[in-house]
Amino acid sequence: MVRLAVDCMGGDHGPSITLPACKAFLERHPQAELLLVGKPEALAEAAGWPRCRIVAASEVVEMDDPVEVALRRKRDSSMRVAISQLKLSDDGTSAAQACVSAGNTGALMAVSRYVLKTMDGIDRPALATVMPNQKGGFTTMLDLGANVDCEAEHLLQFAIMGSALVQAVDGKVDPSVGLLNIGEEQIKGSETIKRAGEMLRAVSAAGQLNFYGNVEGNDIFKGTADIVVCDGFVGNVALKTAEGLASMLVGFIKEEFKRGVYGKLAAVVALPVLNRLKARVDHRRYSGAALLGLRGLVFKSHGSADAFAFETALNRAYDAARNRLLDRVHDRVVETMQACPKPAAAADSAGDKAASAAHPA
């Protein structure tokens, strides 16, 4: 059995969306159990559900709550209680194998990092999800909003975690990594991006990563690289832009088919094709971003998610837990980080220290 902890109070809609999604998920997954976390009175309708248990929490992290409020003042929030179900007990077990929340992204990252801690060698968790591409597959992209400001070292860590994720989930032996930039040339981009490119090339030369090089925004949907790495500000803007564009294009197509009798007749003939197109660009099918780098599996659904989208996030968390994603990513991260060449600054510093020890003043 795979047990998931669900923050039922998070998101824009709370139990009115999360509970129907949980019910549908349980009906489709007989090998799953759910811990529904929230205010008992709000979750009363789920009291008799099979393979389900309610875990009480007296507070809720609102979508506009500052991180400090979520982390220090609301210690009994549904978000924090749900994440705490992933903590290992003295016997090495946990109440749940993964956690799903549609709550405040910044709060989710801060609370997850505080409660679970990060993996060895990882400074910051990163949100990763898949986006459809023209090759008929998916491009994994991170970070999508967990870290607004990033250093070059963080982008390197994101690349390693993203590579480990694709290897573990998709079975790709050597997935390619692209660094999102304003041009393919190495001389373009901010100083942080340039330095990150240098570090990624060094790691790639050492055989620990398959670095494609710089990629641009359109390469995400071309499928130029299996993984695209960027900071959370850029990633979140790119994600929301793509979702908005897809919705707009679907709306435009509907409007054109409604113009006149011939358009409506053409729509009837083209209906199967239109439904397939709508399904391919429906962002709800890609809900459920993994918060990588933690000592626990945490998945983030859209705050505005409907029941279908939230169930998709539950499905992703279930698959990740069932396939032991945490252990596989952790092993890959440790292996890669240990084999990574040290940055030049660190190497020079180590050399200076050694020289000082050998020739004291």
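Quick summary incoming for the structure in this document.

1. Quick word on helix 9 (residues 260-281)
Taking 1.5 Å of rise per residue, the 22 residues of helix 9 would be expected to cover 32 Å, yet its terminal C-alpha atoms sit only 26 Å apart, more than 12% below that figure. The largest bend along helix 9 reaches roughly 65° and is located at Ala270, with the proline Pro272 sitting one to four residues downstream. Inspection of helix 9 places Gly263, Ala267 and Ala270 among the buried residues, and these make up the whole buried set.

2. Some words on the nonpolar core
Judged by nonpolar contacts, the single largest core of 64 residues is most densely connected at Leu4, Leu36 and Val229. Looking at this core, the element that brings in the most residues is helix 5 (residues 152-170), giving 11 residues. Once you skip the residues sitting within four places of it in the chain, Leu4 turns out to touch Phe25, Glu33, Leu34, Leu35, Ala96, Ala98, Leu314, Ala317 and Tyr318. Counting 37 residues, the second largest nonpolar core, distinct from the first, contains Cys99, Ala107, Val215 and Cys230.

3. Digging into the pattern of salt bridges
On inspection of all chains with the given rule, the structure shows 11 salt bridges. The partner of Glu33 in a salt bridge is Arg3, and the shortest N-O contact between them spans 2.8 Å. Of this pair, Glu33 sits in strand 2 (residues 32-38) while Arg3 sits in strand 1 (residues 2-7), placing them 30 residues apart in sequence. The shortest N-O distance in the salt bridge between Asp319 and Arg322 comes to 3.1 Å. Of this pair, Asp319 and Arg322 both sit in helix 10 (residues 307-322), 3 residues apart, which is roughly one turn of the helix.

4. Let's talk about the packing of aromatic side chains
Taken as a whole, this structure holds 1 aromatic pair when the rule is applied. Taking the centre distance of 5.8 Å and the plane angle of 75° together, the rings of Phe25 and Tyr318 count as edge-to-face. With Phe25 in helix 1 (residues 15-28) and Tyr318 in helix 10, this pair connects stretches of sequence that are 293 residues apart. A residue is classified by how much of its surface remains accessible, and Phe25, at 0% relative accessible area, is buried. By relative accessible area, which is 8% here, Tyr318 ends up buried.

5. Here's the deal with the environment of Phe211
Looking at the secondary structure, you find Phe211 in strand 8 (residues 210-215). In this structure Phe211 comes out as buried when scored by relative accessible area, which is 11%. When the C-alpha positions of Phe211 and Val177 are compared, they lie 4.8 Å apart, and in sequence the two are 34 residues distant.

6. Thoughts on unusual backbone geometry
Residue Leu142 is joined to Asp143 through a cis peptide bond whose omega torsion reads 5°. Secondary-structure assignment places Asp143 in the loop between strand 6 (138-142) and helix 5. The phi angle at Arg51 is positive, at roughly 50°, despite the residue not being glycine. Its location among the elements puts Arg51 in the loop between strand 2 and strand 3 (52-56).

7. Here's the deal with the side chain of His154
Within the fold, His154 resides in helix 5. Of the residues examined, His154 reaches a relative accessible area of 9% and is grouped as buried. Dropping the residues within four chain positions of it, His154 is found in contact with Asp123 and Arg124.

8. Brief notes about helix 4 (residues 105-116)
Here helix 4 contains 12 residues, and its C-alpha end-to-end distance of 16 Å stays within 8% of the 16 Å for a straight helix at 1.5 Å per residue. Check the buried side of helix 4 and you find it contacts helix 2 (67-73), helix 3 (78-84), strand 4 (98-101), strand 10 (289-292) and strand 11 (297-300). Looking one or two places after helix 4, you find Lys117, whose phi comes out positive at around 70°.

9. Looking at the packing of helix 1 against helix 10
Two elements in contact, helix 1 and helix 10, have axes whose closest approach is 8 Å; the angle formed by their N-to-C orientations is 50°. Comparing the axis directions of helix 1 and helix 10 gives the class oblique. In the crossing of helix 1 with helix 10, the sense of the turn from one axis to the other is right-handed. Where helix 1 approaches helix 10, its residues Ile17, Thr18, Pro20, Ala21, Cys22, Ala24, Phe25 and Arg28 are matched on the opposing element by Ala307, Phe310, Glu311, Leu314, Asn315 and Tyr318. Across the contact of helix 1 with helix 10, the residue classes tally to 10 nonpolar, 2 polar and 2 charged.

10. Quick notes on the side chain of Asn214
Within the secondary structure, Asn214 sits in strand 8. One polar contact links the side chain of Asn214 to the main-chain carbonyl oxygen of Glu184, over a distance of 3.5 Å. Here the side chain of Asn214 touches Glu185 through a polar contact of 3.1 Å, landing on its backbone oxygen. Setting aside chain neighbours within four positions, we find Asn214 in contact with Leu179, Asn181, Gly183, Glu184, Glu185 and Gln186.

The rules behind the values
- Residues numbered from 1 in each chain as written.
- Predicted model: local features only at pLDDT ≥ 70, side-chain atom pairs only at ≥ 80, totals over all residues.
- Heavy atoms only, no water.
- Helix = DSSP H or I, 4+ residues; strand = E, 2+ residues; numbered from the N terminus.
- Expected span 1.5 Å × (residues − 1).
- Bend = angle between axes of the 7 residues up to and from the residue.
- Buried < 20%, exposed > 50% of the residue type's maximum accessible area, 1.4 Å probe, protein only.
- Core = buried A, V, L, I, M, F, W, Y, C linked by side-chain atoms within 4.5 Å.
- Contact = heavy atoms within 4.5 Å.
- Salt bridge = Lys/Arg side-chain N within 4 Å of Asp/Glu carboxyl O.
- Phe/Tyr/Trp six-rings, centres within 6.5 Å; stacked < 30°, edge-to-face > 60°.
- Axes fitted to C-alpha atoms, helices over the stretch in contact; angles between N-to-C directions.
- Parallel < 35°, antiparallel > 145°, perpendicular 65-115°, else oblique.
- Left-handed = near helix turned anticlockwise from the far one by under 90°.
- Nonpolar A, V, L, I, M, F, W, Y, C, P; charged D, E, K, R; others polar.
- Polar contact = N/O pair within 3.5 Å; in protein donor to acceptor, adjacent residues only side chain to side chain.

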